[in-house]
Amino acid sequence: MDLIEFYWVCCMIDKRMKLVKPAVLFQQALKRGTTKQGRLLGLDVGSKYVGLAVSDDHCKIASPFSVLERTKKNIDIMAKDFQMLVAGFSLAGFVVGYPFNIQGQSKTVQVKLFIEDLRKTSVLDGVSYTYWDENYTSRCVETLLEPLDINPVDAKTIMDKFAAVGILQGYLDNMNRSLVSEDLDPQE
């Protein structure tokens, strides 16, 4: 049993929602099933909304999915929505956008509180998640939308979904590059 398999077994014993390293989550997604791999859900957590993106079965491409409204009172409903998504998409886990290099602490606290609130519901026990750098994802999407004449309400939901796509696609690209680099390593 290698280290990743051992870690996966430990995660299955400890059923709580669990923070894992990015590479561990990716390996879990790739090993999810023998014929069908697990998919991943990207989250762009904001103060009012959570943008969602989902990967394809091969963990190569992120696509926009939805936006959930976020309030203090609806965390149980959100957790149940996530639970349905985990089952419906055979999700291996969540890739949560996190501003690693940003000066302001409010966004980092906001993301951690959201995840902690989800954990407290116990609805997502056994689901793994990891944090991935989200710096400038919303700004990049905003820049792309500026020349388009989109209703501001529609633009906000589009921005949240596509920020989640940016987070998840960045993660997938990085993990797949690392996988290719390992496969091409002449020292093996």
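What counts, and where the lines are drawn
- Residues numbered from 1 in each chain as written.
- Predicted model: local features only at pLDDT ≥ 70, side-chain atom pairs only at ≥ 80, totals over all residues.
- Heavy atoms only, no water.
- Pairing = 2+ DSSP bridges.
- Helix = DSSP H or I, 4+ residues; strand = E, 2+ residues; numbered from the N terminus.
- Salt bridge = Lys/Arg side-chain N within 4 Å of Asp/Glu carboxyl O.
- Buried < 20%, exposed > 50% of the residue type's maximum accessible area, 1.4 Å probe, protein only.
- 1 Å grid on protein atoms, 1.4 Å probe; cavity = no way out; pocket = protein on both sides within 12 Å on 5 of 7 lines; lining within 4 Å.
- Points joined across faces, edges and corners; volume = space filled by probe spheres on them.
- Nonpolar A, V, L, I, M, F, W, Y, C, P; charged D, E, K, R; others polar.

Draft legend 1. Just the sheet that holds strand β5 (residues 91-98), in detail. In space, the 6 strands of this open sheet follow the order β1-β6-β5-β2-β3-β4, with mixed pairing throughout. With partners counted over all chains shown, the strands left at the sheet margins are β1 (18-19) and β4 (62-69), one partner each. Where β1 meets strand β6 (residues 128-133), 2 bridges bridge the pair, whose relative direction is parallel. Bridge pairing in β6 links L19 to Y129.

Draft legend 2. Fine view of the pattern of salt bridges. Summed over the entire model, instances satisfying the criterion amount to 5 salt bridges. The salt bridge partner of R139 is E146, with a shortest N-O separation of 3.5 Å. For D160, the salt bridge is made with K156, and the minimal N-O distance between the two is 3.0 Å. Residue D160 and its partner K156 are both found in helix α6 (residues 152-183); the two are separated by 4 residues, about one turn of the helix. Through salt bridges that share partners, R139, E142 and E146 make up one connected network.

Draft legend 3. Broad picture of helix α2 (residues 22-30). Where burial is concerned, most of α2 is hidden: 7 out of the 9 residues are buried. Those residues of α2 lying buried are V24, L25, F26, Q27, Q28, A29 and L30.

Draft legend 4. The layout of surface pockets, seen in detail. Approximately 340 Å³ is the volume found for the largest pocket. Within the residue set of the lining of the largest pocket, elements represented by two or more residues are β2 (39-45), α5 (137-145) and α6. Counting residues per element, the lining of the largest pocket draws most heavily on α6, which supplies 3 residues. Classifying every residue of the lining of the largest pocket gives 6 nonpolar, 6 polar and 6 charged. Approximately 170 Å³ is the volume found for the second largest pocket. Around the second largest pocket sit R70, T71, K72, I75, Q110, L113, F114 and D117, which together line it. By residue number, the principal contributor to the lining of the second largest pocket is helix α4 (residues 106-121), which donates 4 residues. Its residues assigned to classes, the lining of the second largest pocket comprises 3 nonpolar, 2 polar and 3 charged.

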